[in-house]
Amino acid sequence: PRKKSTGSTESRAMPAKQRKQTQNSTTTQKNQKAKAKPSESQPSYILPFFFLVAAVVAAALPQVQPELVQQIGGEPAANKPHRWFSDFYPAYLGEHRDRTCQLLHFTGTCIICIIMAVRPRIAIGMAIAGFLGWAAFPFFRSHPHGIAEAAITFSAFLLSSRSLEGRWKYTLIVPLVGYTFAWVGHFFFEHNKPATFIYPVYSLMGDFRMAFDIATGALPAIWDASAQA
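Remember, it's a predicted structure, so these values are computed and weren't measured experimentally.

Caption draft 1: Representation of the overall build of the protein within the structure. Looking only at helices and strands, the protein features nine helices and zero strands. Starting at the N terminus and walking to the C terminus, you meet the elements of the protein as α-α-α-α-α-α-α-α-α. Looking at the 229 residues of the protein, the share that counts as buried comes to 34%. Split by element, the accessible area of the protein, about 13,800 Å² in all, is 65% carbon and sulfur.

Caption draft 2: The arrangement of the confidence of the model for the protein in detail. Scored by pLDDT, the protein has a mean of 85; 78% of the residues are at 70 or more. Taken together, the stretch residues 225-229 has pLDDT below 50 and engages in seven contacts with residues farther than four places along the chain or on a different chain.

Caption draft 3: Expanded view of the pattern of salt bridges. Counted by the stated rule, this structure contains three salt bridges. Glu 149 is the partner of Lys 80 in a salt bridge, and the nearest nitrogen-oxygen pair spans 2.8 Å. Residue Lys 80 is found in the loop between helix H3 (66-73) and helix H4 (85-94), and its partner Glu 149 is found in helix H7 (residues 147-165); the two are separated by 69 residues along the sequence. Residues Arg 119 and Glu 165 are paired through a salt bridge, measuring 2.8 Å at the closest nitrogen-oxygen approach. In this pair, Arg 119 is assigned in the loop between helix H5 (99-118) and helix H6 (120-136) and Glu 165 in helix H7, connecting sequence segments 46 residues apart.

Caption draft 4: Expanded view of the environment of Ala 151. Within the element layout of this structure, Ala 151 appears in helix H7. Considering only alpha carbons, one finds Ala 151 and Gly 133, 18 residues apart in sequence, at a separation of 8.9 Å.

Caption draft 5: Highlighting unusual backbone geometry. Backbone geometry places His 191, a non-glycine residue, at a positive phi of 60°. When you line up the elements, His 191 lands in the loop between helix H8 (169-190) and helix H9 (200-216). Of the residues examined, His 191 reaches a relative accessible area of 61% and is grouped as exposed.

Caption draft 6: Region of interest: H6. The terminal C-alpha atoms of H6 lie 24 Å apart, and with 17 residues this matches the ideal 24 Å at 1.5 Å per residue to within 8%. Taken together, the buried positions of H6 are Ile 122, Gly 125, Met 126, Ile 128, Ala 129, Gly 130, Leu 132, Gly 133, Ala 135 and Ala 136. At its buried positions, H6 is contacted by helix H2 (46-64), H5, H7, H8 and H9.

Caption draft 7: Seen up close, the packing of H5 against H9. With their axes 9 Å apart at the nearest point, H5 and H9 run at an angle of 100° to one another. Between H5 and H9, the crossing angle belongs to the class labelled roughly perpendicular. Note on element contacts: H9 touches H5 through Asp 207, Phe 208, Met 210, Ala 211, Ile 214 and Ala 215, opposite Gln 102, His 105, Phe 106, Thr 109, Ile 112, Cys 113 and Met 116. Among the residues forming the contact of H5 with H9, the class breakdown is nine nonpolar, three polar and one charged.

Caption draft 8: Expanded view of the side chain of Glu 190. Its location among the elements puts Glu 190 in helix H8. From its side chain, Glu 190 meets the backbone nitrogen of Asp 98 in a polar contact 2.9 Å long. With residues near it in sequence (within four places) discarded, Glu 190 still touches Glu 95, His 96, Arg 97, Asp 98, Cys 101 and Gly 185.

Caption draft 9: Here's a closer look at the nonpolar core. Counting 16 residues, the largest nonpolar core has Ile 112, Ile 122, Met 126, Phe 157 and Val 174 as its most contacted members. The dominant element in this core, judged by the number of residues it contributes, is H6, at five residues. Leaving out residues up to four positions away in the same chain, Phe 157 has contacts with Ile 122, Gly 125, Met 126, Ala 129, Arg 162, Thr 171, Val 174 and Pro 175. Judged by nonpolar contacts, the second largest core, of 11 residues, contains Phe 85, Phe 88, Met 210 and Ile 214.

Caption draft 10: Geometry of the environment of Gln 42. Turning to its location among the elements, Gln 42 is positioned in the loop between helix H1 (2-36) and H2. Among the residues examined, Gln 42 registers a relative accessible area of 70% and is labelled exposed. Each C-alpha atom of the pair Gln 42 and Ser 163 lies 8.2 Å from the other, and the pair is 121 residues apart in sequence.

Caption draft 11: A look at H2. With 19 residues, H2 ought to run about 27 Å at 1.5 Å a step, and its terminal C-alpha atoms sit 26 Å apart, in line with that. All buried positions along H2 are accounted for by Pro 48, Phe 51, Ala 55 and Ala 58. Buried residues of H2, seen end-on, are gathered within an arc of 90° and therefore sit on one face of the element. Relative to its buried face, H2 has exposed residues pointing more than 90 degrees away, namely Ile 46, Phe 49, Phe 50, Gln 63 and Val 64. Here the buried face of H2 lies against H6 and H7.

Thresholds, definitions, all that
Residues numbered from 1 in each chain as written. Predicted model: local features only at pLDDT ≥ 70, side-chain atom pairs only at ≥ 80, totals over all residues. Heavy atoms only, no water. Helix = DSSP H or I, 4+ residues; strand = E, 2+ residues; numbered from the N terminus. Buried < 20%, exposed > 50% of the residue type's maximum accessible area, 1.4 Å probe, protein only. Areas by Shrake-Rupley, 256 points an atom, 1.4 Å probe, with all protein chains shown as cover. pLDDT = per-residue confidence, 0-100. Contact = heavy atoms within 4.5 Å. Salt bridge = Lys/Arg side-chain N within 4 Å of Asp/Glu carboxyl O. Expected span 1.5 Å × (residues − 1). Axes fitted to C-alpha atoms, helices over the stretch in contact; angles between N-to-C directions. Parallel < 35°, antiparallel > 145°, perpendicular 65-115°, else oblique. Nonpolar A, V, L, I, M, F, W, Y, C, P; charged D, E, K, R; others polar. Polar contact = N/O pair within 3.5 Å; in protein donor to acceptor, adjacent residues only side chain to side chain. Core = buried A, V, L, I, M, F, W, Y, C linked by side-chain atoms within 4.5 Å. Arc of directions from axis to C-beta.

Following this line, the structure appears as structure tokens:
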């Protein structure tokens, strides 16, 4: 009788032990997966949509209320004569005459294009931020610097890209790569101040336009040593 009692007790205890072992094993596997997988949240479209709406409103105001924009923006600063990118781009090229500086810009821009091709949500974040910065430009033409436009554009890019990507990795790599290559070219080879400090958005647009012109051969003088005089 005692053996039967002992056997029945063990038979009742075994399933409980097995369940505990199974739970421990499951918990261990989850912890291992959590450690192996980088921290990443689900994409959110709230902030990108907010910045896009703000950009549309800001872009429409000069057409709907030009007097209000003029009142807010004031008279253009002496070092901000260019209203449109088509007027700015020739001046931009004039500040990028050194071939090493040009090649550094080209390299950095190509790396960014590769990142955006691999991570298209980064490209969407950059497009929204660029649109917002471009739309905000008329409101700050009286400022002799581009701090306000840069702050708006940079914040919109970081927050939009982070929201769309779900993590910071590629969001931070893009400006780090772009500005490192460009500023090394300016400070060590071109020996002038980057246009980013005055025209942050037009300067960014100029980087992509110049890279495209170099790639397509539209700017052959860039590769000509005699054009460096």
